[in-house]
Amino acid sequence: MMPWDELMVEVMQQLKVKTASGLIIISILYMIVGFGIFGTVIMMTNERTKEFGVMVSLGMQKSKLAMILVLEMIFIGLTGALSGVAAALPLWHGTIFTL
């Protein structure tokens, strides 16, 4: 007796190609989403340059201003991740992803 992967080499090769192409497509999608988020962060900071200037001129340390920006980015990221999970839960418990 031979295992099925040795018996059907073509099927095994097709599975490997399908897996590799899926990883390529997912990595491209992650790059697109990453550039979208990066663009949003750049626009958010560019629109608030006058606000940052006023804060620094009133005596706020630049390190504290940077920490505020980092905390805002973390909050925005967590909010997006939690809303994404909340939107995906009905699909996970539905008929699409049942095991």
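Note that the structure is predicted; figures quoted are calculated from it, not measured.

### A few points about a nonpolar patch on the surface
Move 1: Taken together, the side chains of Met2, Trp4, Leu7, Met8, Val11 and Leu15 make up a nonpolar region of the molecular surface, amounting to roughly 590 Å² of accessible area.
Move 2: By the element assignment, Val11 lies in helix α2 (residues 9-47).

### Observations concerning the packing of helix α3 (residues 49-57) against helix α4 (residues 62-93)
Move 1: One can describe the packing of α3 onto α4 by two numbers: an axis separation of 10 Å at closest approach and a directional angle of 140°. As judged from the angle between their axes, α3 and α4 are oblique. In this structure, the crossing between α3 and α4 has a hand that is right-handed. The residues of α4 that touch α3, namely those facing Phe52, Met55 and Val56, are Lys62, Leu65 and Leu69.
Move 2: Taken together, the residues that form the contact of α3 with α4 break down as five nonpolar, no polar and one charged.

### Comments concerning the side chain of Arg48
Move 1: Mapped onto the elements, Arg48 comes out in the loop between α2 and α3.
Move 2: Within polar-contact distance, the side chain of Arg48 engages the side chain of Glu72 at 2.7 Å.
Move 3: Sequence-distant contacts of Arg48, defined by excluding residues within four places in its chain, comprise Leu69 and Glu72.

What counts and how
Residues numbered from 1 in each chain as written. Predicted model: local features only at pLDDT ≥ 70, side-chain atom pairs only at ≥ 80, totals over all residues. Heavy atoms only, no water. Patch = residues over 30% accessible without salt bridge, like charges linked within 9 Å, V, L, I, M, F, W, Y side chains within 5 Å. Areas by Shrake-Rupley, 256 points an atom, 1.4 Å probe, with all protein chains shown as cover. Salt bridge = Lys/Arg side-chain N within 4 Å of Asp/Glu carboxyl O. Helix = DSSP H or I, 4+ residues; strand = E, 2+ residues; numbered from the N terminus. Axes fitted to C-alpha atoms, helices over the stretch in contact; angles between N-to-C directions. Parallel < 35°, antiparallel > 145°, perpendicular 65-115°, else oblique. Left-handed = near helix turned anticlockwise from the far one by under 90°. Contact = heavy atoms within 4.5 Å. Nonpolar A, V, L, I, M, F, W, Y, C, P; charged D, E, K, R; others polar. Polar contact = N/O pair within 3.5 Å; in protein donor to acceptor, adjacent residues only side chain to side chain.

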